[in-house]
Amino acid sequence: MNIAVILSAGSGSRFGSDVPKQFINLAGKNVIEYTIKAFEENNNIDEICIVADSLYHEKLRKVCDENKFEKVLKIIAGGRERKDSSYEAIKAYESQEDINLIFHDAVRPFVSQEIIDNTVEALKTYDAIDVAIPTADTIIKIDPKKEIIDSIPQRSLLQRGQTPQAFKLEIIKKAHQLANEDENEPFFTDDCGLVKQYLENEVYVVKGEEKNIKITYPEDLLFAEKLIQLNSFTSKGETDFSKLKDKVIVVFGGNSGIGKDIVDISNENGAKAVAFSRENNIDIRVKQDVVNTLSEVAKEFGKIDIVINSAATLTKKQLVHLSDEEIEDEININYLGSVNIAKYSYEYLKDTKGSLIFFTSSSYTRGRAGYSLYSSTKAAIVNFTQALSEEWLEDNIKVNAINPARTDTPMRTKYFEGEDKSLLLDSSVVAKATIETILQGFSGLVIDIKKGIYA
């Protein structure tokens, strides 16, 4: 049997969070959920054992129940150090025969099926397996007493270790027993290191992947979010939109551009999508307009599953040349409108565990001269999205922002005349990517839609 042992007993002190990093929110899920899912879906894995602090056992059981992780048969307490946690898993299976243990860090959520498959396959030939990738950096060995370089190993011979690390049970058990009997502290704390130190067995190295990152610091989450996007979104005509059937969708700004395409595509696939804008006298700046619109849709269809705000305005002038009315419109349409929509959509989306979608702009990362208010309100939308996704996490409401590259829309044509349209995204491509974002079920992401990736 191939047993995946997910090591989840770490405290995450380097991450600087109140909870261990394996339980940090990543796009609407705990980091460890992605890790468990990778092994749950692998055909070569027969069973999963999670090693974790007993304080989090109940939380883990809930995670497994909600995700229907059927291979998780053991959740056991960890030890003081990593090697102690590994040994607890070894003891949990030592009475069984013909067992392979595949140890993996809970905070490496992007381990691929290929890595898992290759690791299990290698166990047919070798007793111990590591996963590693070449190092791109020069590694130096220092003299700790003098804080100077002692030597510079040849880079081509060095690799960065990852997980999983896999072993025949009797091999890793013997290595741990010898380490426990040793009066001196082992040179290594990882399992492959113990095998090399105490048994001198060959440890075969399976090729790892750069994306198989270990989430250690807060900055790693930013990279992790982009990896989720790259791993999960295709939007090249492959998405199954049949899941839209019978979904009730409210699209503010839905009478032109991207919003209209979302409405059309949704209705073509069996949804009940309704468009609202100033063309039909609905102004998102006005609280009562938003309240009445949502109430009427819910009364007609009995629920609201998805709310999308694609309404926006752009006045291409320097700030000092904007009138007071233009300033007020820019802020109220681009930001206050989204606040109104979010606040008064909440109760409906809570009932359906639904989705809320906003639109930002590539200018959110850096303000643009000539439309400073537009770019700053779009930056606010990103911050608002991320905050709401955290606030509404327990309610299971998904909140995301779409960040399309330059797109062929009426607003773009109005303010940026003469652009080569072959360089612009088609609005229907952005609409399809928006729908795919909803169907994927993530939350708190800023989804970059770029030409060449989605089109």
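Residues numbered from 1 in each chain as written. Predicted model: local features only at pLDDT ≥ 70, side-chain atom pairs only at ≥ 80, totals over all residues. Heavy atoms only, no water.

K.L.:
Before we move on, could you go through unusual backbone geometry and cite the residues and values that matter?
P.N.:
Of the consecutive residues Thr163 and Pro164, the connecting peptide bond is found in the cis state with omega at 15 degrees. Inspection of the secondary structure puts Pro164 in strand 10 (residues 159-168). For Lys68, which is not glycine, the phi dihedral falls at a positive 55 degrees. If you check the backbone angles, Asn281 has positive phi at about 65 degrees while not being a glycine. (Helix = DSSP H or I, 4+ residues; strand = E, 2+ residues; numbered from the N terminus.)

K.L.:
Can you lay out the pairing of strand 19 (residues 446-449) for me, pointing to particular residues and giving the numbers?
P.N.:
Both faces of strand 19 are covered, namely the face carrying Val446 and Asp448 and the face carrying Ile447 and Ile449. Alignment of strand 16 (residues 398-404) against strand 19, held across 4 bridges, turns out to be parallel. When the sheet's bridge partners are listed, Pro404 is paired in strand 19 with Ile449. (Buried < 20%, exposed > 50% of the residue type's maximum accessible area, 1.4 Å probe, protein only. Pairing = 2+ DSSP bridges.)

K.L.:
So what's going on with the environment of Ile6? Which residues, and what values?
P.N.:
Looking at the element boundaries, Ile6 is found in strand 1 (residues 2-8). Owing to a relative accessible area of 0%, Ile6 belongs among the buried residues under this scheme. Between the C-alpha atoms of Ile6 and Arg80, which are 74 residues apart in sequence, the distance is 16 Å. Contact partners of Ile6, with chain neighbours within four places excluded, come to Ile32, Thr35, Ile36, Phe39, Ile48, Cys49, Ile50, Val51, His104 and Ala106. (Contact = heavy atoms within 4.5 Å.)

K.L.:
Tell me what's going on with the environment of Asn44, and back it up with residues and numbers.
P.N.:
Mapped onto the elements of the fold, Asn44 is located in the loop between helix 1 (31-40) and strand 4 (47-52). Residue class for Asn44 comes out partly exposed when judged on its relative accessible area of 30%. In this structure the C-alpha to C-alpha distance between Asn44 and Thr119, which are 75 residues apart in sequence, comes to 9.9 Å. Ignoring anything within four residues of it in the chain, the contact list for Asn44 reads Asn2, Asp117 and Val120.

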